[in-house]
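Structural features, examined
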Amino acid sequence: MVALVHILAQEAGGEAAGTAPNWFMTHAFLIPLFCVASGVLTLVFGKRTPGKGPVYGIAALVIAFVFAIGCLVGIASGSSVATGGIHWFTIGGFSVDAGYYVDGLAATMLVVVTGVSLMVHLYAIGYMHGDKRYTWFYFVLSLFTAAMLVVVLAPNLFELLVGWEVMGVCSYLLIGHWYEEHVNSSAAIKAFITTRIGDVPFMFGIFACIIIAGGTTSNIQAIGTAVGVSHDTVLVTAAALLLFGGTIGKSAQFPLHVWLPDAMAGPTPVSALIHAATMVAAGVYLVGRMFEVFVQADPVVLTIVGTIGAITMLGAAILAMVQNDIKRVLAYSTLSQLAYMVAGLSMGETGYSAAFFHLFTHAFFKGLLFLGAGSLIHAVHSNNMSDMGGLRRKMPITFITMLIGSLALAGFPLIGGFWSKDELLVTASTGHMWLFVMFLVTALATAFYTGRMLFLTFYGPYKGHAEPHESPSVMTGPLVILAIATVVAGFLGSPFTSYVFADWVHFGTPEVHHFHGAIAGIGSLAALGGLALGWLFYGPKRDREVDPLQRGLGNGVWNVLQHRYYIDSFYFNGIVRPIRDSVSAGVVWFNQNVLDGVVNGAAVVARGGSGVIMWIDRNVIDNAVNGAGTAMETFGKGLRLVQTGKVQWYAVGLFAGVIALSLFIFR
Amino acid sequence: MIRLPLILVFAALLFSCGVYGVLARRNAVMVLMAIELMLNAVNLNLVAFSASLKDVSGQTFALFVIAVAAAEVGIGLALVILLFRNRASINVDEVDLLKW
């Protein structure tokens, strides 16, 4: 029984009531269920299905994508928010519903998640072809998508937490998909534990939100209303900071960013999914969902959010400049771009739409770039850009699509990320000058490493060993579709469509955007300048025996960057090893002294006991048994002498017996 | 009419003689004869009680006993003859094969 509980459009604060939600929006709860169903079908029937399983996930995602588009159409036509649910459980006065909540933010996220996931599902048919856990891979992929969709649609924090944690498990399984190699399994553990560190404050943040809402509900809308009237600023501030802890872990912000680059150990389609549509987007999405808490909290919260965003943004972008592994370049790029979104959100209500517009465009071009990188890796059998080069003629489709993705990432005018970065810059230019500067510097760095990546892989001489060839159409198809989506997505937030995205996703009243020629010019200049610098350092004419940047920066700086500012080493040597070593030493001591003592003691007691039992057995029981036998034998030996064979003796006995009986009877 | 107790005492003495003969004699023929004594002592008792109680069933039993005794002596003497043929002796003490 699914009932519409309440339509909250009017309560959203002065927002004009829209038209009623369309059918897709009121049935949005089906979207994750499709993916769950496809996961179950894949697991149960996958290996017996022709093609070994992907058909279920792809079919489910096609339907889910149609639903998502339906929801977005509903939002675009001015529909009010759709929400509903069924009662899930009650603990004391605290009740939790299982339901759905579709507003503009959720609808756009649905499109992103189902769209990118669908592309990844298609792409993986080619990329994962022949993998020994192919069916299992598709099962986890479906589950991963379903979990992200649950997060997106969750009307309350508990349902969100369920999706959040299932996603954590799925990311662990997918990063460690090739767990036979130790590097991969330890990367999976690292990702799981690092995000888990963020989950602890997140849990307490949920508790704080429930307390704010009066301890009876975890409904996000109810919390938002309660926060607005709450006078306990300290509690609200604490809740916001704790919730942001979850974002730091899941969206890999400094200082918990270390897991994301290592997560590259997973298969490339997984990286695309994690970086573009699911997992890391969930952290940013959480901030957006709980934005009322952040806005109502002490302003220091948003300052902290902005600072962390700024640190991660530039720090990761610089690290991306020195990576050799193409997937690591993209991983650090993701960190940096996520930090763009986080920093965008830190600008408060005005940055909300811009931040999510960046998430929207980023999902498409980053998914595209990862799948393109996978195509390259598939061709040259190496992750390292030092094994690539000159591939633009051998892999034209991959080259064109990756070029579009790279330009979108770099913020090249009119393509993809340009529009979202421009919006962020415009927002930052009014009152957030330091973020404006950070955005610009990072944009420059982004364009530089993007150019470096392009020039190292597609230009210059080929340096690898394998015979590169264009990937099959099942892999290039998704690339082309995503490239088109990248370009189209960018224009949704441009003056050509009168900033339609801001109408869909906004906080409070829709923001009014104006196209600033000067700011767009500065942004374009940063992008072009970065690309030009990339050409200068890594252009085809350059000698690349030693990385030109290494010569430019000097070995000292280069080493610091190669060691990722020594943060990973610090975590490992400063935190993991001391704890692990002391714990393991304690465990060894406990094992040798206590557990072994118990075991040995038990053995000694058992031996002693068995000795006693053996003595009793030999001396008491055996003697009793033998004694009984011997007694019978002796008695029988004596008794048989009575049988003399002399009949008259028997007759004597007979008469004696008669006499005895007579005496007894007639006494 | 002789008094019943006298007859009973006589029968008891006769039975005791029979018992002695069965237990003490070595000669198998003598043992058989002693058995006849015991049987006839019992017959005497039966007839005496029959006369005393005016009931003929006792005398009927006596007739049966006489018939059975005749058969028994026939078989017993046949056994003795066979024993003698095999052992050249009718000493019952020597016939003790059926023992430990």
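Definitions and cut-offs
Residues numbered from 1 in each chain as written. Chains lettered and ligands numbered in written order. Predicted model: local features only at pLDDT ≥ 70, side-chain atom pairs only at ≥ 80, totals over all residues. Helix = DSSP H or I, 4+ residues; strand = E, 2+ residues; numbered from the N terminus. Rg over C-alpha atoms; globule rule 2.2 N^0.38 Å. Buried ≥ 20, exposed ≤ 12 C-beta atoms within 10 Å, placed from the backbone. Contact = placed C-beta atoms within 7 Å. pLDDT = per-residue confidence, 0-100. Nonpolar A, V, L, I, M, F, W, Y, C, P; charged D, E, K, R; others polar. Core = buried A, V, L, I, M, F, W, Y, C linked by C-beta atoms within 7 Å.

Concerning the overall build of chain A
A count of helical and extended segments in chain A gives 26 helices and two strands. Its C-alpha radius of gyration of 36 Å places chain A more than 25% over the 26 Å reference for a compact globule of 667 residues. When its C-alpha atoms are laid out on the principal axes, chain A stretches across 145 × 65 × 50 Å. Taken over 667 residues, chain A has a buried fraction of 52%. When contacts within chain A are restricted to residue pairs at least 6 apart in sequence, those whose partners lie at least 24 apart make up 80%.

Brief notes about unusual backbone geometry
All names here are of chain A. Omega for the bond connecting Phe254 with Pro255 falls within 30 degrees of zero, at 5°, which places this linkage in the cis form. With a phi close to 55°, Ala252 is a non-glycine residue in the positive phi region. One can find Ala252 in the loop between helix H9 (233-250) and helix H10 (259-262). The residue His381 is not glycine, and still its phi comes out positive at about 55°.

Details of the environment of A:Phe448
Residues and elements named next belong to chain A. In this structure, Phe448 sits in helix H19 (residues 433-458). Here Phe448 falls in the buried class, since 28 other C-beta atoms lie within 10 Å of it. Considered as a pair, Phe448 and Gly99 are 349 residues apart in the sequence and their alpha carbons are 45 Å apart. Other than its neighbours up to four places away in sequence, Phe448 contacts Met321, Gly530, Leu533 and Gly534.

Let's talk about the confidence of the model for chain B
Scored by pLDDT, chain B has a mean of 90; 98% of the residues are at 70 or more. Here the prediction assigns the complex a pTM of 0.73, and the interface score ipTM is 0.84.

Section: the interface of chain B and chain A
Of the residues lining the interface, ten residues belong to chain B; the matching set on chain A comes to eleven residues. Of the residues belonging to the side of chain B that touches chain A, the class tally is seven nonpolar, no polar and three charged.

Let's talk about the environment of A:Asn384
Residue and element names in this part refer to chain A. For Asn384, the location among the structural elements is in the loop between helix H16 (349-380) and helix H17 (396-410). The partly exposed category is assigned to Asn384, around which 17 C-beta atoms lie within 10 Å. For the pair formed by Asn384 and Phe137, sequence separation is 247 residues and the distance between their alpha carbons is 25 Å. Ignoring any residue separated from it by four or fewer positions in sequence, one finds Asn384 in contact with Asn324 and Asp325.

Quick notes on the confidence of the model for chain A
In the predicted model, chain A carries a mean pLDDT of 84, and 95% of its residues have values of at least 70. pLDDT under 50 marks residues 1-16 of chain A. Its contacts with residues more than four places away, or in other chains, come to 26 contacts.

Overview of the nonpolar core
Residues and elements named next belong to chain A. Grouped together as the largest cluster of nonpolar side chains are 215 residues, with contacts concentrated most on Ala28, Cys71, Val102, Leu110, Val151, Leu153 and Val293. If one sorts the elements of this core by residue count, H16 sits on top with 19 residues. Apart from the residues within four sequence positions on either side, Val293 is in contact with Cys209, Ile223, Val227, Val236, Ala239, Ala240 and Leu243.

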